[in-house]
There are 2 protein chains.
Amino acid sequence: MSTYTAINLIARPAPGPIPANVFEVVKKDVPSVEDGQILVKQTHMSLDPAMIGWMNPDPESYIPPVALGDVMRSSGLGEVVESQNPGFAVGDRVMGMTGWSEYILSNGEGLRKVQPGLDAEMVLSVFALPGLTATQGLFGFGNPKPGETILISGAAGSVGSIVGQLAKAEGLDVIGVAGSDEKCKWLVNDLGFDGAINYKSDDIDAKIKELAPKGVDIYFENTGGPIQHHAIDNMNAHGRVVVCGMISDYAAETPSAGPNWIPIIKKRITIQGYAMPDHFPQLAELVGKLTPYVMQGKVKYRAHVLEGLESAIDGLNMLLTGGNNGKLIVKL
Amino acid sequence: MSTYTAINLIARPAPGPIPANVFEVVKKDVPSVEDGQILVKQTHMSLDPAMIGWMNPDPESYIPPVALGDVMRSSGLGEVVESQNPGFAVGDRVMGMTGWSEYILSNGEGLRKVQPGLDAEMVLSVFALPGLTATQGLFGFGNPKPGETILISGAAGSVGSIVGQLAKAEGLDVIGVAGSDEKCKWLVNDLGFDGAINYKSDDIDAKIKELAPKGVDIYFENTGGPIQHHAIDNMNAHGRVVVCGMISDYAAETPSAGPNWIPIIKKRITIQGYAMPDHFPQLAELVGKLTPYVMQGKVKYRAHVLEGLESAIDGLNMLLTGGNNGKLIVKL
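A quick note: this is a predicted structure, and the numbers were derived from the prediction, not measured.

Procedures and definitions
- Residues numbered from 1 in each chain as written.
- Chains lettered and ligands numbered in written order.
- Predicted model: local features only at pLDDT ≥ 70, side-chain atom pairs only at ≥ 80, totals over all residues.
- Least-squares fit on C-alpha atoms with pLDDT ≥ 70 in both.
- Contact = placed C-beta atoms within 7 Å.
- Buried ≥ 20, exposed ≤ 12 C-beta atoms within 10 Å, placed from the backbone.
- Helix = DSSP H or I, 4+ residues; strand = E, 2+ residues; numbered from the N terminus.
- Arc of directions from axis to C-beta.
- Pairing = 2+ DSSP bridges.
- Axes fitted to C-alpha atoms, helices over the stretch in contact; angles between N-to-C directions.
- Nonpolar A, V, L, I, M, F, W, Y, C, P; charged D, E, K, R; others polar.
- Right-handed = clockwise from strand over helix to strand, strands pointing away.
- Domains from an automatic or database assignment.

**Student:** How should the relation of the copies chain A and chain B be read in this particular structure?
**Tutor:** Superposition of the two copies of the chain requires a rotation about an axis together with a shift along that axis. Between chain A and chain B, the superposition needs a rotation of 180° and an axial shift of 0.0 Å, giving an RMSD of 0.0 Å. Considering both components of the superposition, the chain copies are consistent with a two-fold axis. Comparing interface residues between copies, 97% of those in chain A also sit at the interface in chain B, which points to an isologous, same-surface contact.

Written out as structure tokens, the structure reads:
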């Protein structure tokens, strides 16, 4: 009987970098497949900022935490290698919440088939959580109008980079905030952003005023931190703030203070937080909205690919530091 | 030729209490009324928190500041004492942006007639800015549902007290935050609130948890300050925050820090700032929504009446300290 590797969560990480010892790498026997089941060999795992929130219990969260001793939760893509389920054939490619595991035994529930011929990195970078999150946030809450200006934090991240490209395709002026000159160049030269701000070296407020002389109509928040204060300060009346992520605060001992609310009244701002599980019922609609942009070549992506299951642990910490250049994917 | 008194704004107040020397009390000649004009003798002036924002230029504001040397801006109610305008007869009662002045010469624009028989204090406390602001905020943005819980800061204020009564009439659990035991008793015993919190003496967080065991669905913000942090902490998923006023911060040297945004994502909270000038086109609709509640005796009010034009100066400062008990009205 052959074995495979999985990684379990065995302790709750304290705020800050996630130490390797909260995980346990385990060997398991490849299970036998019973009636109604399929066995999936995972080929690509997605690493997403939301995973950091899933590692600790939180009464406020939209999703229960990963139980201690359970396989770490993640989404991914794999191939059906055995099937006793009439809905799936050997060779089918499927995606879903596969977890940190080389093999997954499933009754098929929650797994979606992936069209043959679609590149796995493209699927996980665009048609999985990042693209759907970007589509819901921008169109479901941002109410973008041609000629308006959108400012995006974490703009080189998996969600931010797609939000910016969709907004550009809709005729908005798009300004991205990222953490390196290399990322800023990528946003402007490769993705067609109108401007980019390096929050580590630029005077953020001055740069927003320079790049958005008409003010900011939509602020798409992926990071938290000081950028949000400058964004609110530079917003136009009836501005919309879409709060998608707060990666800079997720692992902070003390989360940073938010902006004072007086401008929210004066400028009649709407701030909307969201999380994708609320929108899974509209998945088909979201895919339908996103697909034409992708087919017209308007959504470029880049994947930052790590090799081997255990590289996922370092990968999670890259999300915290912004050390990744592109959508983090672990290739198995 | 007889004279009358008006008060001009002659300097911009610094943050903090508003000193009397930013105003100048002036004597003017009662003007002659020309074709198309009316002369209104003001009987009651309304003092509202928004007025503090009108005293300083602010590029972010929804309304230009009062120009230096101009009569201080305010709303009020009066009686037509002379008319050369076919739309108004001597004896008509009118309300509008009358300003700090015993007499107003007008072409009638922006003045609305007031039904005879309606008590002036009731009109300014319920059917003027406070009631319309409460109606727009609660129904236009709060999306109240029977059985939900609403928490209201500045609950004994002119807007908050009406918001709470409208919510109560809609079948919500209503909790008010106010600054004295007397105000808290008034909210519960006279207005029918389900609970009240004295922010000066109660443990705000513990008291919210005690009075709102199911959590808070709507937070109606009139004050700013620490209450908003506790409100966000105790909010339910899909909670709505309606940001109507930030009186505790309007005159502060350094506005207080807002809450961190992580709970906005986790609980998918909507925060909506608003200002009434945006909603003046829907005035008739708002009055129509509010009137049935008033006619059924569901909206009680109390007026805090000051006597004489010059008492308005102290009155403005009462709004900053919460020194008023009820809707501030200056009787001329």
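**Student:** I keep staring at helix α5 (residues 181-190) of chain B and nothing clicks. Help me out?
**Tutor:** For an α-helix, the turn length of 3.6 residues means that residues three or four places apart are oriented alike. Residues and elements named next belong to chain B. Buried within α5 are the following residues: Lys-183, Cys-184, Trp-186 and Leu-187. Within α5, the buried residues cover an arc of 160° as seen down the axis, which keeps them to one side. Residues of α5 that are exposed and point over 90 degrees away from its buried face: Glu-182, Asn-189 and Asp-190. At its buried positions, α5 is contacted by α4 (158-169), β9 (173-178) and β10 (195-198). Phi turns positive one or two residues past the end of α5, at Gly-192, with a value near 85°.

**Student:** Please explain unusual backbone geometry as it appears in this structure.
**Tutor:** Glycine aside, a negative phi is what most residues show, and trans is what most peptide bonds show. Of note in the backbone geometry, Arg268(A) takes a positive phi value of approximately 50° without being a glycine. Mapped onto the elements, Arg268(A) comes out in the loop between α9 (262-266) and β13 (270-273). Owing to 18 C-beta atoms within 10 Å, Arg268(A) belongs among the partly exposed residues under this scheme. The backbone phi angle of Asn143(B) is positive, close to 50°, even though this residue is not glycine.

**Student:** Quick question: what am I supposed to make of the environment of Ser201(B) here?
**Tutor:** All names here are of chain B. On the secondary structure map, Ser-201 appears in the loop between β10 and α6 (204-211). The exposure class assigned to Ser-201 is exposed, which follows from the 12 C-beta atoms found within 10 Å. Spatially, the C-alpha atoms of Ser-201 and Gly-179 are 8.4 Å apart, while their sequence positions differ by 22 residues.

**Student:** So what exactly am I meant to see when it comes to the sheet that holds β9(B) here?
**Tutor:** Pairing in this open sheet of twelve strands is mixed, and the strands run β10(A)-β9(A)-β8(A)-β11(A)-β12(A)-β13(A)-β13(B)-β12(B)-β11(B)-β8(B)-β9(B)-β10(B) from one edge to the other. Of all strands in the sheet, those with a lone pairing partner are β10 (195-198) of chain A together with β10 of chain B, marking the two edges. Neighbour to neighbour, the strand axes of the sheet diverge by 15° on average, direction disregarded. On the sheet, helix α4 (residues 158-169) of chain A packs against β8 (149-152), β9 (173-178) and β11 (216-221) of chain A and is oriented at approximately 165° with respect to β9(A). Together, β9 and β10 of chain A form the strand contacts of helix α5 (residues 181-190) of chain A, whose direction differs from that of β10(A) by roughly 170°.

**Student:** How should the interface of chain A and chain B be read in this particular structure?
**Tutor:** Interfaces are often sized by the amount of accessible area the parts lose when they come together. With 34 residues of chain A in contact, the opposing surface of chain B contributes 33 residues. For the side of chain A that touches chain B, the element with the highest residue contribution is α9(A), accounting for five residues. Residues belonging to the side of chain A that touches chain B are distributed by class as follows: 16 nonpolar, ten polar and eight charged. Bridge analysis of β13(A) against strand β13 (residues 270-273) of chain B gives three bridges, and the strand direction is antiparallel. Its bridge partner being in β13(B), Ile271(A) is matched across the sheet by Ile271(B).

**Student:** Teacher, can you tell me more about the pairing of strand β14 (residues 303-307) of chain A here?
**Tutor:** Put simply, side chains in a regular strand alternate between the two faces of the sheet. Residues and elements named next belong to chain A. Sheet topology note: the β14/strand β15 (residues 327-331) ladder contains five bridges and is parallel. For Val-305, the partnering residue across the bridge sits in β15 and is Ile-329. A crossover connection joins β14 to the parallel β15 through helix α11 (residues 311-321); in handedness this β-α-β unit is right-handed.

**Student:** For this particular structure, what's the right way to read the domain arrangement of chain A?
**Tutor:** Residue and element names in this part refer to chain A. Taken domain by domain, chain A holds domain 1 (3-117 + 302-331) and domain 2 (129-278 + 288-292). The C-alpha-based centres of domain 1 and domain 2 are spaced at 28 Å. Counting residues at the interface gives 15 residues for domain 1, matched by 13 residues for domain 2. Elements with a contribution of two residues or more to the side of domain 1 that touches domain 2: α1 (50-53) and α11. Counted by class, the side of domain 1 that touches domain 2 contains seven nonpolar, six polar and two charged residues.

**Student:** So what exactly am I meant to see when it comes to the environment of Pro15(A) here?
**Tutor:** Residues and elements named next belong to chain A. With respect to the helices and strands, Pro-15 occurs in the loop between β1 (3-9) and β2 (23-29). Placed 254 residues apart in sequence, Pro-15 and Ile-269 show a C-alpha to C-alpha distance of 31 Å. Apart from the residues within four sequence positions on either side, Pro-15 is in contact with Ala-251, Ala-252 and Glu-253.

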